[in-house]
Amino acid sequence: MLGIVFPGDRETALVTFPDPTPGPGEVIVEMKASGMCGSDLHLYRQPKGGTSVSAAMSKNTEDPATLIRGHEPCGIVAAVGAGVSERLARVGQRVMVHHYWGCAVCGECRTGWTQLCENEAPKMYGTNAHGSHAHYFKVPAQTILPLPDELSFEAGAAIGCGSGTSYGALKRLRMDGGGTIAVFGQGPVGLAGTQFAKAMGARVIALDISDERLAMAKKFGADEIINPAKDDAVSALKDLTHGRGTDAALETSGAVSARLEAIKGLKRWGTGAFVGIGAPTPIDINLDMILRQVTIFGSVTFSAPWQEECARFAVDHKIDVDGIFTHRWALEQADEAYKLLDQQACGKGVFVM
Ligand SMILES: [Zn+2]
Ligand SMILES: [Zn+2]
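Q: Which residues make up the overall build of the protein, and what values go with them?
A: Of regular secondary structure, the protein possesses 12 helices and 17 strands. Computed over C-alpha atoms, the radius of gyration of the protein comes to 20 Å, within 12% of the 20 Å expected from 2.2 N^0.38 for 353 residues, which places it in the range of a compact globule. Along the longest, intermediate and shortest principal axes, the C-alpha atoms of the protein span 60 × 40 × 40 Å. Between the mean site of the 33 positive side-chain charges and the mean site of the 39 negative ones, the protein shows a separation of 5 Å.

Here you go:
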């Protein structure tokens, strides 16, 4: 089979690997869609042979240049290993994958938060273990989640990281009671945040420095848009909320300026969720949090049960998950696909097999 690897310095290579076979408790998924995620760029941009920050973070055990990338997998179960019950996976089943694996026995792993494993550095498929930009993908059977018939393979891929990340943060923000939320960044994660927050009943103010992305946000239901490159974001947020500020904020860009605006734009008793990875950010805890009763939290993706719940939510609320994709690629187009993603100006890309 073929798989996409990142040799370093913004290069891609399509490498031939032996077709994987399932060991006990394992499943082989025939890939139908494998999404491209903004976080791929940390790995794509790594210098050749160097130990960059992202390489250290990902605790690579194998040579990163020979690791198959991609961590938004969706496809069909092609083979199951010994001891895999029918309840977990069946050949021919349409499936998503929760793209992490840990010790399987600690409290975090048992509740589906394997990326937070207490006992070992978790496997993060596509980062420190072979990922899904390939024809086949081998994973423990417990990572498999059913893909509802109503959702496309591409939608299942998006829910597997980008879209699911916004859902996980919004779930913790409890937007189901309405209120106004500012969604910072309207890339694939932020756009999904706009879609889900609207479906949860919130009034959405979308922010991005790209007018093109703001136009997409409008299309996906944003009530108001702000371009912080043109207008002062905090004043604009106050103007749109009777001078009070927003009930909630979801920050997806990781930009220091956006993080600070997200906090300053909150009303008293407001809550901010942060999912975008970025540079260390100085926060005035006195003025911006304590004296305004502000709550902020960080949110890393979602648990396996939340991923399944996100897929059901997308079906029940007729979320146009596929609408986020602007580019569909063949594995052979990896070079072109990542060169475009690197510019961080387009919508979302996905490899389809
Ligand atoms: Zn991702
Ligand atoms: Zn664990």
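Anyway, onward from the coordinates.
Q: Can you break down the coordination of the zinc ion (ligand 2) residue by residue, with the values?
A: Listed as protein donors to the zinc ion (ligand 2) are C103 (SG), C106 (SG), C109 (SG) and C117 (SG); their distances from the metal cover 2.3 to 2.4 Å. Because the angles between the four donor atoms bound to the zinc ion (ligand 2) fall within 100 to 119 degrees, the donor set is best described as tetrahedral. Between consecutive donor residues of the zinc ion (ligand 2), the sequence gaps follow C-x2-C-x2-C-x7-C. With C106 in the loop between β6 (100–101) and α3 (107–110) and C117 in the loop between α3 and β7 (123–124), this residue pair connects regions lying 11 residues apart in the sequence. Judged by its relative accessible area of 10%, C117 is buried.

Q: Could you give me a rundown of the nonpolar core, with the residues and numbers involved?
A: Of all hydrophobic cores here, the largest spans 46 residues; its most connected members are L170, I181 and F196. Taken together, the elements giving at least two residues each to this core come down to α4 (153–159), α5 (162–173), β10 (180–184), α6 (188–199), β11 (203–207), α7 (211–219), β13 (246–251) and α11 (304–316). With six residues, α11 is the single largest residue contributor to this core. Two domains each provide a minimum of three residues to this core, namely domain 1 (2–161 + 302–352) and domain 2 (164–298). In contact with F196, not counting residues within four places along its chain, are S163, Y167, L170, C310, F313 and I319.

Q: Explain the state of the cysteines to me, using residue names and the numbers behind them.
A: A complete count under the given rule lists zero disulfides for this structure. C310 forms no disulfide, and the closest cysteine sulfur to it belongs to C161, at a distance of 11 Å.

Q: Tell me about the coordination of the zinc ion (ligand 1), and name the residues and values.
A: Here the zinc ion (ligand 1) is held by C37 (SG), H71 (NE2) and C161 (SG), and the distances to it run 2.0 to 2.3 Å. Judged by its relative accessible area of 8%, C37 is buried. A relative accessible area of 7% places C161 in the buried class.

Q: So what's going on with the pattern of salt bridges? Residues and values would help.
A: In this structure the tally under the stated criterion is 15 salt bridges. A salt bridge links D211 to K230; the shortest N-O distance between them is 2.4 Å. Residue D211 is located in helix α7, and its partner K230 is located in the loop between β12 (224–226) and α8 (233–239); the two are separated by 19 residues in the primary sequence. In this structure D211 comes out as partly exposed when scored by relative accessible area, which is 41%. The class of K230 is exposed, set by a relative accessible area of 57%.

Q: I'd love a proper account of the domain arrangement of the protein, names of residues and values included.
A: The domains assigned to the protein are domain 1 (2–161 + 302–352) and domain 2 (164–298). Between the C-alpha centres of domain 1 and domain 2 there is a distance of 27 Å. Counting from both sides, the interface comprises 20 residues of domain 1 and, opposite them, 16 residues of domain 2. Overall, the association of domain 1 and domain 2 removes approximately 1,600 Å² of surface from exposure, summing both partners, and the carbon and sulfur fraction of that is 67%. On the domain 1 side of the contact with domain 2, W306, F313 and I324 bury the most area, a combined 33% of that side's loss. Between the two partners, domain 1 and domain 2, sit one salt bridge. Between K171 and E309 there is a salt bridge; the shortest N-O distance is 2.9 Å. Across the contact surface, domain 1 and domain 2 share six residue pairs in polar contact (both at pLDDT 80 or more). Of all the elements in the fold, those that place two or more residues in the side of domain 1 that touches domain 2 are α4 and α11. In terms of residues, the side of domain 1 that touches domain 2 owes the most to one element, α11, which gives four residues. Of the residues contributing to the side of domain 1 that touches domain 2, the split by class is 12 nonpolar, five polar and three charged.

Conventions and cut-offs
Residues numbered from 1 in each chain as written. Chains lettered and ligands numbered in written order. Predicted model: local features only at pLDDT ≥ 70, side-chain atom pairs only at ≥ 80, totals over all residues. Heavy atoms only, no water. Helix = DSSP H or I, 4+ residues; strand = E, 2+ residues; numbered from the N terminus. Rg over C-alpha atoms; globule rule 2.2 N^0.38 Å. Lys, Arg positive; Asp, Glu negative; His and termini not counted. Charge placed at Lys NZ, Arg CZ, Asp CG, Glu CD. Donors = N, O, S within 2.8 Å, 3.2 Å for Na, K, Ca; no water. Tetrahedral: all angles 85-135°; square planar, octahedral: opposite > 155°, others 65-115°. Buried < 20%, exposed > 50% of the residue type's maximum accessible area, 1.4 Å probe, protein only. Core = buried A, V, L, I, M, F, W, Y, C linked by side-chain atoms within 4.5 Å. Domains from an automatic or database assignment. Contact = heavy atoms within 4.5 Å. Disulfide = S-S within 2.5 Å. Salt bridge = Lys/Arg side-chain N within 4 Å of Asp/Glu carboxyl O. Buried area = accessible area lost by both parts, 1.4 Å probe. Polar contact = N/O pair within 3.5 Å; in protein donor to acceptor, adjacent residues only side chain to side chain. Nonpolar A, V, L, I, M, F, W, Y, C, P; charged D, E, K, R; others polar.

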